[in-house]
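Notes for the structure review
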Amino acid sequence: MKRSLWRIVGPLVTILALVALNVLLPRVVNPYHFQVLMLIGINVVLAVSLNLVNGFTGQFSIGHAGFMAVGAYASAMFTLKLGQPMVNSLHGVPLPVAQGIALLLALIAGGLLAAAAGWLVGLPSLRLRGDYLAIVTLGFGEIIRVVILNVDAIGGARGLPGIPQYSTFFWVFGAAVAVIMLARNMAHSTHGRALFAIRDDEVAAEALGVDTTSYKVLAFVLGAFFAGVAGGLFAHFLSYLNPSSFTFLKSIEVIAMVVLGGMGSISGSVIAAIVLTLMPEMLRGLKDYRMVIYALMLIILMITRPQGLMGTREVSLSGLFGKRGPAKGAA
Amino acid sequence: MSEFLQQLVNGITWGSVYALIALGYTMVYGILRLINFAHGDVYMLGAFVGLYASRWFHAGQEPSPLKALLVLVTSMVICAFLGLIIERLAYKPVRKSPRLSALITAIGVSLLLENGGVLLFGASPRFFPQIVAQKNIQLGMGVVLSNQQLIVLTVSVVLMLALRWLVLSTKVGKAMQAVSHNHMAASLMGISVDRIITFTFMIGSALAAAAGVLVALQSPKIEPYMGILPGLKAFVAAVLGGIGNIPGAVVGGLVMGIAEVLVTGYLSPTYRDAIAFVLLIVILLVRPAGIFGKAVAEKV
């Protein structure tokens, strides 16, 4: 009884809180801090979505920036061609709502295209194992970047300017909450257990009747979808896209978040996304030494805590308050 | 036809550089199952050490073959010791950790070398002195080979033959092969696995350094980020040939160099960076273990 009530109240409270913060934050926080906050939100979406592939399923994907790029460009083009005219033609609807709908549609479009790309890459290459998959995803990311560089209709090397700034706090953190909830529910479902089984021992999972290839493709497609959504949010936040934002280094950044947080730990990914977004910002005063220190910290963290900050454990409110005990299923 | 032959010559030259870098990747992978992302940066450091070495020996002002050789060897030796330091400080502590942690460590080392390079050498490109004066050699049928290309080819072939001799005919080489088969069994046979791993890193780094100097000879603009893309592509070359397989790395490198030059010449220079990866995906789909790789059945 209590839980079913919470099912209705929970999302409502979340949405209300997001709306309230959406109105409040830009007024209270200075623009620089607000920008960092938004980047944290986008990175949380990226890290948790990659965690579905790398952490849950144990597949090496190192081309996440490629999917992000697909989503970013697709959703930006969607808004420029369809969304913006739509917002301009809707007169009766309040502007934030009209822009929100346009953004939502663009994000879905971007996410779907990224998911399609994920399916296209995943289906043949997920039959490969381990490092080979890593290399194919790396190659895919680079190919996407080079193709974008060469297509003039989406700006090529000059970049794509003039994307309307529809990404607000509500949408960025709404997406973050959505991907976290999805990952959490997945971890506790049959499908999630199938993914964990594949990660722990692929041969054993297959022997127990898990259709490994289609589950791997599922994780891959879901990860790509949310990477595309994150790309869309990124595009509508910065209002300018350039292929150089989606290099191999961006993929690495996201992987670092997943590994640092602990493979398969959702809260770990969230914490690591926050830490790794803040760290370069905090080190900004050190100028040239910034990236050197960042690299050193990465190496030292990996040497001292190779399982990541959280391992496979989760931080959960109910765990903290001792209502249900630690969520073992997420391990 | 003569244009095609010319492209082929250029491709083979460029490919032999990839092959040298790919050898380091393939040897380290064969022994540790680690993708050493920092390898491309060792290649960059090789070029920079070469730059400083040619200043010490005044090789730019009064070029002589002996000095050029001295520059090459200095760079190789210094980078070999750099490889030793990297392996001991960064990779050895994570050897028993999950493989993705080791991968992130490698990426960390790569970022460290690149940004450390920016600190030490500055972010703007530097010019490598002309330690060999350029001369063109006519090969007939309109094909031209510069003496720098000739040097690149000769040095690569010599180094590859030396490596082949080292791996196949010396005690250390046999130990390397043993370690790549099975660490445990090798150590039971009295091989110091740690030492062999370090040695492999040193050899790989020396080869990458040689590649760095050879490239700087041809295209003298060097900068701290120059190693990223050639590093990735050389790795792809190693996978192409079958990773862990030494002749495979050489063939993969050559295929890659030729493909790149042909794409640049006949298609569009902007697609040059993509062809490597397209080639990779095609090969992996047809022959998942690479050209020379053996498909290994998984034991349960």
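Each value, and the rule that gives it
- Residues numbered from 1 in each chain as written.
- Chains lettered and ligands numbered in written order.
- Predicted model: local features only at pLDDT ≥ 70, side-chain atom pairs only at ≥ 80, totals over all residues.
- Helix = DSSP H or I, 4+ residues; strand = E, 2+ residues; numbered from the N terminus.
- Rg over C-alpha atoms; globule rule 2.2 N^0.38 Å.
- Buried ≥ 20, exposed ≤ 12 C-beta atoms within 10 Å, placed from the backbone.
- Contact = placed C-beta atoms within 7 Å.
- Pairing = 2+ DSSP bridges.
- Nonpolar A, V, L, I, M, F, W, Y, C, P; charged D, E, K, R; others polar.
- Core = buried A, V, L, I, M, F, W, Y, C linked by C-beta atoms within 7 Å.
- pLDDT = per-residue confidence, 0-100.
- Axes fitted to C-alpha atoms, helices over the stretch in contact; angles between N-to-C directions.
- Parallel < 35°, antiparallel > 145°, perpendicular 65-115°, else oblique.
- Left-handed = near helix turned anticlockwise from the far one by under 90°.
- Expected span 1.5 Å × (residues − 1).

Details of the overall build of chain B
Scanning chain B from terminus to terminus reveals eleven helices and four strands. Scaling as 2.2 N^0.38, a compact globule of 300 residues should have a C-alpha radius of gyration of about 19 Å, and chain B matches this with 19 Å. On the principal axes, the C-alpha backbone points of chain B span a range of 60 × 45 × 35 Å. Considering chain B as a whole, with its 300 residues, one finds that 52% of them fall into the buried category. At a minimum sequence separation of 6, the contacts of chain B that also span at least 24 residues come to 76%.

Describing the overall build of chain A
Of the regular secondary structure elements, chain A holds 13 helices and two strands. Taken over C-alpha atoms, the radius of gyration comes to 20 Å for chain A, in line with the 20 Å a tight globule of 331 residues would show. With respect to the principal axes defined by its C-alpha atoms, chain A has extents near 55 × 50 × 45 Å. In chain A, which comprises 331 residues, the proportion classed as buried is 50%. If you take every contact in chain A between residues at least 6 apart in sequence, the share linking residues at least 24 apart comes to 80%.

What about the pairing of strand β2 (residues 136-140) of chain B?
Residue and element names in this part refer to chain B. Summarising burial for β2: zero of the five residues are buried, a small minority. Relative to strand β3 (residues 143-146), β2 runs antiparallel, the two being bridged by four bridges. Its bridge partner lying in β3, glutamine 138 is registered against valine 144.

A look at the interface of chain B and chain A
Across the boundary between the two partners, chain B contributes 35 residues, which contact 30 residues of chain A. Elements represented by at least two residues in the side of chain B that touches chain A include exactly α4 (99-121), α9 (228-241) and α11 (272-286) of chain B. Here the side of chain B that touches chain A gets 13 residues from one element, more than from any other, and that element is α4 of chain B. Considered class by class, the residues forming the side of chain B that touches chain A number 26 nonpolar, seven polar and two charged.

Thoughts on unusual backbone geometry
One non-glycine residue with positive phi stands out, namely serine 239 of chain A, at about 60 degrees. You can see serine 239 of chain A is positioned in the loop between α9 (212-238) and β2 (240-241). Even without being glycine, arginine 33 of chain B reaches a positive phi, approximately 55 degrees. Examined against the element boundaries, arginine 33 of chain B turns out to sit in the loop between α1 (2-32) and α2 (39-56). Exposure remark for arginine 33 of chain B: the 14 C-beta atoms within 10 Å place this residue in the partly exposed category.

Let's talk about the nonpolar core
Val45 and Leu233 of chain A together with Cys79, Ala210 and Val236 of chain B are the most contacted members of the largest nonpolar core, which totals 215 residues. Tallying contributions element by element places α9 of chain A first for this core, with 17 residues. Beyond its immediate stretch of four places on either side in the chain, cysteine 79 of chain B contacts Val42, Leu45, Gly46, Val49, Ser205, Ala206, Ala208 and Ala209 of chain B.

Considerations on the environment of glutamine 7 of chain B
Residues and elements named next belong to chain B. Its location among the elements puts glutamine 7 in helix α1. Of the residues examined, glutamine 7 has 18 C-beta atoms within 10 Å and is grouped as partly exposed. The sequence separation of glutamine 7 and alanine 259 amounts to 252 residues, and the corresponding C-alpha distance is 9.8 Å. Discounting chain neighbours no more than four positions away, the residues touching glutamine 7 are Val261, Leu262 and Gly265.

Considering the confidence of the model for chain B
Per-chain confidence: chain B averages 87 in pLDDT, with 98% of residues scoring 70 or above. Interface predicted TM-score (ipTM) for the complex: 0.83; the corresponding pTM is 0.83.

Some words on the confidence of the model for chain A
All names here are of chain A. With 93% of its residues at a pLDDT of at least 70, chain A reaches an overall mean of 84. The lowest-confidence element of chain A is helix α13 (residues 317-321), averaging 51 in pLDDT; the highest-confidence one is α9, averaging 92. Scored below 50 in pLDDT, residues 320-331 makes 15 contacts in the model with residues more than four places away or belonging to other chains.

Some remarks on the packing of helix α7 (residues 190-200) of chain A against α9 of chain A
Residue and element names in this part refer to chain A. Remark: α7 packs on α9, axes separated minimally by 10 Å, with the N-to-C direction vectors making an angle of 110 degrees. Taken together, α7 and α9 sit at an angle that is classed as roughly perpendicular. Residues Ala194, Leu195 and Ile198 of α7 pack against Thr212, Tyr215, Lys216 and Ala219 of α9. Considering only residue class, the contact of α7 with α9 consists of five nonpolar, one polar and one charged.

Section: the packing of α2 of chain B against α4 of chain B
All names here are of chain B. Packing of α2 against α4 leaves a shortest axis separation of 9 Å and a crossing angle of 25 degrees. Judged by the inter-axis angle, α2 sits roughly parallel to α4. Once α2 is placed against α4, the crossing between them reads as left-handed. Contacts from Asp41, Met44, Leu45 and Phe48 in α2 reach Ser110, Leu113, Glu114, Gly117 and Phe121 in α4. Within the contact of α2 with α4, the residues separate by chemical class into five nonpolar, two polar and two charged.

Looking at the environment of isoleucine 108 of chain A
Residues and elements named next belong to chain A. Mapped onto the secondary structure, isoleucine 108 falls in helix α4 (residues 95-125). You can call isoleucine 108 partly exposed: it has 16 C-beta atoms within 10 Å. Here the alpha-carbon distance between isoleucine 108 and glycine 63, two residues 45 residues apart in the chain, equals 20 Å.

Brief notes about helix α8 (residues 193-218) of chain B
An α-helical segment advances 3.6 residues per turn. Residues three or four places apart therefore align on the same side. Along its 26 residues, α8 of chain B runs 38 Å from first to last C-alpha, staying within 8% of the 38 Å computed at 1.5 Å per residue. Counting buried residues in α8 of chain B gives 20 out of 26 residues, a clear majority hidden from the surface.

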